Amino acid sequence: LSRNSFPTLPLTPGAVTRTHLAGMPADRARLASNDSDEPSSIGETGPALDLKAAFAEFVASFMFVVIGCGVACDYGAGTPTTKLIVALAFGIGILVLAYAIGHLSGGQINGAVVWA
């Protein structure tokens, strides 16, 4: 392949043409073609917090601690069998909670991810 066979994007501001914007979604294409110095309305004040996702992450984190630590307090870590039970409780707990809230927030079970 020759060097000129690969498509390239322009590197100078304001040099974006309609052919470069053909595959982009409409809002990104509008922002990419904006060559004024005025701040855009998207991203200048930071992303909006999705309260539904934040609440789902809070509930899932709370339930993960209750499930995992509840089983750990009940069974303890005295024998290899009880260690396996505690490990499975944490593992199955995180699996179920990630599937339960995955469609709302991504299923990280970490509130800091939603706030970032």
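Residues numbered from 1 in each chain as written. Predicted model: local features only at pLDDT ≥ 70, side-chain atom pairs only at ≥ 80, totals over all residues. Heavy atoms only, no water.

**Q** I tried to follow the overall build of the protein on my own but got confused; where do I start?
**A** If you tally the helices and strands in the protein, you get four helices and zero strands. From first element to last, N terminus to C terminus, the protein shows the α and β order α-α-α-α. Long-range contacts, defined here as pairs at least 24 residues apart, represent 48% of the contacts in the protein between residues at least 6 apart. Roughly 8,900 Å² of accessible area belongs to the protein as shown, and the carbon and sulfur atoms make up 65% of that amount. (Helix = DSSP H or I, 4+ residues; strand = E, 2+ residues; numbered from the N terminus. Contact = heavy atoms within 4.5 Å. Areas by Shrake-Rupley, 256 points an atom, 1.4 Å probe, with all protein chains shown as cover.)

**Q** Please clarify how the packing of helix H2 (residues 51–75) against helix H3 (residues 80–105) should be interpreted in this entry.
**A** To characterise two packed helices, one gives the angle between the axes of the helices and the distance between these axes. The geometry of H2 relative to H3 is characterised by a closest axis approach of 9 Å and an angle of 170 degrees between their N-to-C directions. The angle between H2 and H3 places the two elements in the roughly antiparallel class. Along the lines of polarity and charge, the residues of the contact of H2 with H3 split into 18 nonpolar, four polar and two charged. (Axes fitted to C-alpha atoms, helices over the stretch in contact; angles between N-to-C directions. Parallel < 35°, antiparallel > 145°, perpendicular 65-115°, else oblique. Nonpolar A, V, L, I, M, F, W, Y, C, P; charged D, E, K, R; others polar.)

**Q** How should I be thinking about the side chain of glutamate 57 in this particular structure?
**A** Relative to the helices and strands, glutamate 57 is located in helix H2. A distance of 3.0 Å separates a polar atom in the side chain of glutamate 57 from the backbone nitrogen of isoleucine 109. If we ignore the near neighbours within four places in the chain, the residues touching glutamate 57 are Ile101, Ser105, Gly107, Gln108, Ile109, Asn110, Gly111 and Val114. (Polar contact = N/O pair within 3.5 Å; in protein donor to acceptor, adjacent residues only side chain to side chain.)

**Q** What exactly am I supposed to notice about the packing of aromatic side chains here?
**A** In this description, a pair of aromatic rings is defined by centroid distance and the angle of the planes. Inspection of the entire model under this criterion finds one aromatic pair. Geometrically, the ring pair formed by phenylalanine 64 and phenylalanine 90 is edge-to-face, given 5.4 Å between the ring centres and 70 degrees between the ring planes. Here phenylalanine 90 lies in helix H3 and phenylalanine 64 lies in helix H2, a separation of 26 residues in the sequence. On the accessibility criterion, phenylalanine 64 (22% relative accessible area) is partly exposed. (Phe/Tyr/Trp six-rings, centres within 6.5 Å; stacked < 30°, edge-to-face > 60°. Buried < 20%, exposed > 50% of the residue type's maximum accessible area, 1.4 Å probe, protein only.)

**Q** Where do I start with the nonpolar core in this structure?
**A** One recurring pattern in soluble globular proteins: nonpolar side chains tend to sit buried together. Membership of the largest hydrophobic core is limited to five residues, which are Ala56, Ala60, Leu97, Ile101 and Ile109. Of all the secondary structure elements, the ones that give two or more residues to this core are H2 and H3. Setting aside chain neighbours within four positions, we find isoleucine 109 in contact with Glu57, Ala60, Ser61, Phe64, Ile94, Leu97, Ala98 and Ile101. (Core = buried A, V, L, I, M, F, W, Y, C linked by side-chain atoms within 4.5 Å.)

**Q** What am I meant to see in H3 here?
**A** Counting along an α-helix, one turn takes 3.6 residues, and residues three or four places apart therefore face a common direction. Taking 1.5 Å of rise per residue, the 26 residues of H3 would be expected to cover 38 Å, and the 35 Å separating its terminal C-alpha atoms lies within 8% of that figure. In the structure, H3 departs most strongly from a straight axis at tyrosine 99, where the bend amounts to approximately 35 degrees. Within the sequence span of H3, burial applies to Thr82, Val86, Ala89, Gly93, Leu97, Ile101 and Ser105. Here the buried face of H3 lies against H2 and helix H4 (111–115). Of the residues one or two after H3, glycine 106 is the one with positive phi, at around 100 degrees. (Expected span 1.5 Å × (residues − 1). Bend = angle between axes of the 7 residues up to and from the residue.)

**Q** Where do I start with the environment of isoleucine 85 in this structure?
**A** Take isoleucine 85: it is sitting in helix H3. When its relative accessible area of 30% is taken as the criterion, isoleucine 85 is described as partly exposed. In the structure, isoleucine 85 is positioned 13 residues away from alanine 72 in sequence and 8.4 Å away in space, judged by C-alpha atoms. Apart from the residues within four sequence positions on either side, isoleucine 85 is in contact with Val71 and Tyr75.

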